[in-house]
Amino acid sequence: MAESALDTAIKQFHEAADRAALDASQREILIAFKTVFETEFPVEMDDGTFQVFRGYRVHHNNARGPVKGGVRFSAEVSLDEVKALAMWMTWKCAVVGIPFGGAKGGVIVDPSKLSQNELQNLTRRYTAEITPIIGPDKDIPAPDMGTNAQTMAWMMDTYSMGHGFTIPGVVTGKPVAVGGSEGRYEATGRGLLFILEEHLREAGGVRGKRIAVQGFGNVGGVAARLMHRAGAIVQYICDKDTGIYRAEGVDCDSAFAFIESGGLLKDWTGEGERIPPADVLTADVDVLVPAAIEHSLTAENAPLVKAPLILEGANGPTTPEADAIFLERGIPVIPDVLANAGGVTVSYFEWVQARQYLHWSEEQVNEELRRIMVTAYRAIQQRVASNPGTTMRQAAQWIGVERVTEATTLRGIYP
Ligand code: GLU
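Computed from a predicted model, the values in this text were never measured in an experiment.

Focus on the pairing of strand S1 (residues 35-44)
For step 1, the next point in the chain: As paired strands, S1 and strand S2 (residues 50-61) are joined by ten bridges and run antiparallel to one another. Of the residues in S2, the one forming a bridge with Val43 is Gln51.

Details of the nonpolar core
For step 1, the next point in the chain: Grouped together as the largest cluster of nonpolar side chains are 86 residues, with contacts concentrated most on Trp91, Leu196, Ile211, Met227, Ile237, Leu311 and Ile380.
For step 2, the next point in the chain: Here this core takes eleven residues from helix H3 (residues 79-95), the largest share from any one element.
For step 3, the next point in the chain: Apart from residues no more than four positions distant in its own chain, Leu311 is found in contact with Leu192, Ile195, Leu196, Met227, Val287, Leu288, Val289, Pro290, Ile334 and Ala339.
For step 4, the next point in the chain: Counting residues in each nonpolar core, the second largest holds 23 residues, with Phe41, Phe53, Ile134 and Met156 among its members.

Looking at the layout of surface pockets
For step 1, the next point in the chain: In this structure, the second largest pocket spans a volume of roughly 380 Å³.
For step 2, the next point in the chain: Around the second largest pocket, the lining comprises 22 residues; the ones closest to its centre are Asp323, Leu327, Thr391, Arg393 and Gln394.
For step 3, the next point in the chain: Going through the elements one at a time, helix H1 (5-19), helix H9 (320-329) and helix H13 (392-411) are the ones with two or more residues in the lining of the second largest pocket.
For step 4, the next point in the chain: For the lining of the second largest pocket, the element with the highest residue contribution is H1, accounting for six residues.
For step 5, the next point in the chain: Residue composition of the lining of the second largest pocket, grouped by class: nine nonpolar, eight polar and five charged.

As for the pattern of salt bridges
For step 1, the next point in the chain: Here the structure, examined in full by the defined rule, presents 31 salt bridges.
For step 2, the next point in the chain: In this structure, Lys11 and Glu3 form a salt bridge, with 2.9 Å as the shortest nitrogen-oxygen distance.
For step 3, the next point in the chain: A relative accessible area of 37% places Lys11 in the partly exposed class.
For step 4, the next point in the chain: The partly exposed category is assigned to Glu3, whose relative accessible area is 25%.

With respect to the site of the ligand
For step 1, the next point in the chain: Neighbouring residues of the ligand: 14 residues in total, closest Lys68, Lys92, Pro143, Asp144 and Ser347.
For step 2, the next point in the chain: With respect to the ligand, the side chain of Lys92 contributes an N or O atom lying 2.6 Å from an oxygen atom.
For step 3, the next point in the chain: Within the side chain of Arg184, an N or O atom sits 3.1 Å from an oxygen atom of the ligand.
For step 4, the next point in the chain: Burial of the ligand by the surrounding chains reaches 94%, relative to a free accessible area of 300 Å².
For step 5, the next point in the chain: Contributions of two or more residues to the shell around the ligand are made by strand S3 (67-74), H3, strand S5 (139-143) and helix H11 (342-356).
For step 6, the next point in the chain: Considered class by class, the residues forming the shell around the ligand number four nonpolar, five polar and five charged.

Concerning the environment of Ala153
For step 1, the next point in the chain: With respect to the secondary-structure elements, Ala153 resides in helix H5 (residues 149-163).
For step 2, the next point in the chain: Through-space distance from the C-alpha of Ala153 to that of Ala224 is 26 Å; in sequence the pair is 71 residues apart.

Quick notes on H1
For step 1, the next point in the chain: Between its first and last C-alpha atoms H1 spans 21 Å; for 15 residues at 1.5 Å apiece the expected length is 21 Å, and the two agree.
For step 2, the next point in the chain: For H1, every residue scored as buried is listed here: Ala5, Leu6, Thr8, Ala9, Gln12, Phe13, Ala16 and Ala17. Seen from one end, H1 has its buried residues packed into an arc of 165°, which puts them on one side.
For step 3, the next point in the chain: Elements in contact with the buried residues of H1: helix H2 (24-31), H3, H9 and H13.
For step 4, the next point in the chain: Ala21 sits one or two positions beyond H1 and adopts a positive phi of about 55°.

Conventions and cut-offs
- Residues numbered from 1 in each chain as written.
- Predicted model: local features only at pLDDT ≥ 70, side-chain atom pairs only at ≥ 80, totals over all residues.
- Heavy atoms only, no water.
- Pairing = 2+ DSSP bridges.
- Helix = DSSP H or I, 4+ residues; strand = E, 2+ residues; numbered from the N terminus.
- Core = buried A, V, L, I, M, F, W, Y, C linked by side-chain atoms within 4.5 Å.
- Buried < 20%, exposed > 50% of the residue type's maximum accessible area, 1.4 Å probe, protein only.
- Contact = heavy atoms within 4.5 Å.
- 1 Å grid on protein atoms, 1.4 Å probe; cavity = no way out; pocket = protein on both sides within 12 Å on 5 of 7 lines; lining within 4 Å.
- Points joined across faces, edges and corners; volume = space filled by probe spheres on them.
- Nonpolar A, V, L, I, M, F, W, Y, C, P; charged D, E, K, R; others polar.
- Salt bridge = Lys/Arg side-chain N within 4 Å of Asp/Glu carboxyl O.
- Near = heavy atom within 4 Å.
- Polar contact = N/O pair within 3.5 Å; in protein donor to acceptor, adjacent residues only side chain to side chain.
- Areas by Shrake-Rupley, 256 points an atom, 1.4 Å probe, with all protein chains shown as cover.
- Expected span 1.5 Å × (residues − 1).
- Arc of directions from axis to C-beta.

That's the geometry; what it means functionally is another story.
So this is what it looks like as structure tokens:
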């Protein structure tokens with residue numbers, strides 16, 4: 001059977017634990033999932049029938065603070081996937097130094113098959129189910145694949161109604177009109193751009209670099225648009241069904257505006273050759289940005305990748321086998337827990353603003369985001385430099401595991 005995302009997360013953890021010289025009981029503590037919540041709940045559909053859906057919310061580790069992580073609506077969601085994503089959130093928050101542990105949630109549903117009304121019913125019912133284990137001091141959900149700012153508004157409203165007053169700090173990624181942060185919507189894509197700029201600083205920057213982006217949602221679409229605006233030539237984009245190639249660069253402003261207004265890439269009429277989406281991963285470009293789903297880069301396609309640099313927009317897009325191939329081929333991978341941490345970082349700013357009833361300007365958000373991302377990037381580069389042969393992923397995971405271990409040791413075990 002193919003390796004699952006959880007297998008990958010656990011394998012990466014043990015490697016990091018080796019580097020951080022964790023003993024057996026430290027390992028056992030860090031690999032444990034604090035809470036694994038599974039629920040089956042009925043939802044009223046538009047035709048008056050009820051359909052039962054399965055949902056999860058997993059808390060991995062809360063040694064560094066309340067747990068934090070998105071909620072995924074996808075037909076492919078499984079408990080193992082949610083666990084892997086929760087564990088990656090723990091290391092991600094530690095790597096960028098924000099005071100959260102890791103969590104993730106998911107509902108097995110194809111959101112494109114539901115009406116807005118059915119999605120609202122599903123979101124509210126799921127929120128009611130997980131209400132006992134979420135809260136601004138406990139667990140703060142956010143958007144992920146298949147969910148968005150509207151989903152968060154419904155979640156905040158449902159949770160708040162149960163408490164009798166508005167609690168904006170319970171979720172992040174809300175619309176700005178109901179307590180969301182400026183810049184949160186673009187934050188993951190902007191964080192990717194900041195990291196790429198920093199990485200290419202001595203190599204002439206982002207301008208003129210040829211980019212291929214796999215995935216055209218909140219991560220890939222925004223990243224492609226911001227990179228395009230920063231002067232990069234985004235030659236390849238794709239969603240699940242459609243790939244587009246244009247040597248002079250795809251007009252990402254137009255393409256993403258089309259997606260944002262509810263369209264699909266296959267119906268966008270902008271210039272570019274239509275190609276199979278899988279070709280984007282093996283495109284002859286300067287930077288490959290996998291920003292779709294786990295395990296896109298595998299032992300099969302890793303030998304065919306032509307880009308000399310990989311920037312991970314998705315969580316877990318590279319299997320350990322593909323990682324080993326990239327290491328052997330000398331292709332650096334800027335790992336997910338650093339590269340895509342802009343989203344959760346601005347989520348942290350949103351949570352801080354919610355709890356203080358303050359509103360930051362977009363400039364302030366972006367400036368703080370850049371500072372945090374660059375600091376994390378440099379810490380990882382330093383770790384790589386002082387440990388020759390270590391990849392950026394290994395260094396990042398090592399730093400993440402080390403920081404969570406430190407918090408666990410300082411706090412001790414109650415009682
Ligand atoms: N779903 C995003 C991630 O995987 C954001 C999580 C958050 O903002 O809490 O990092």
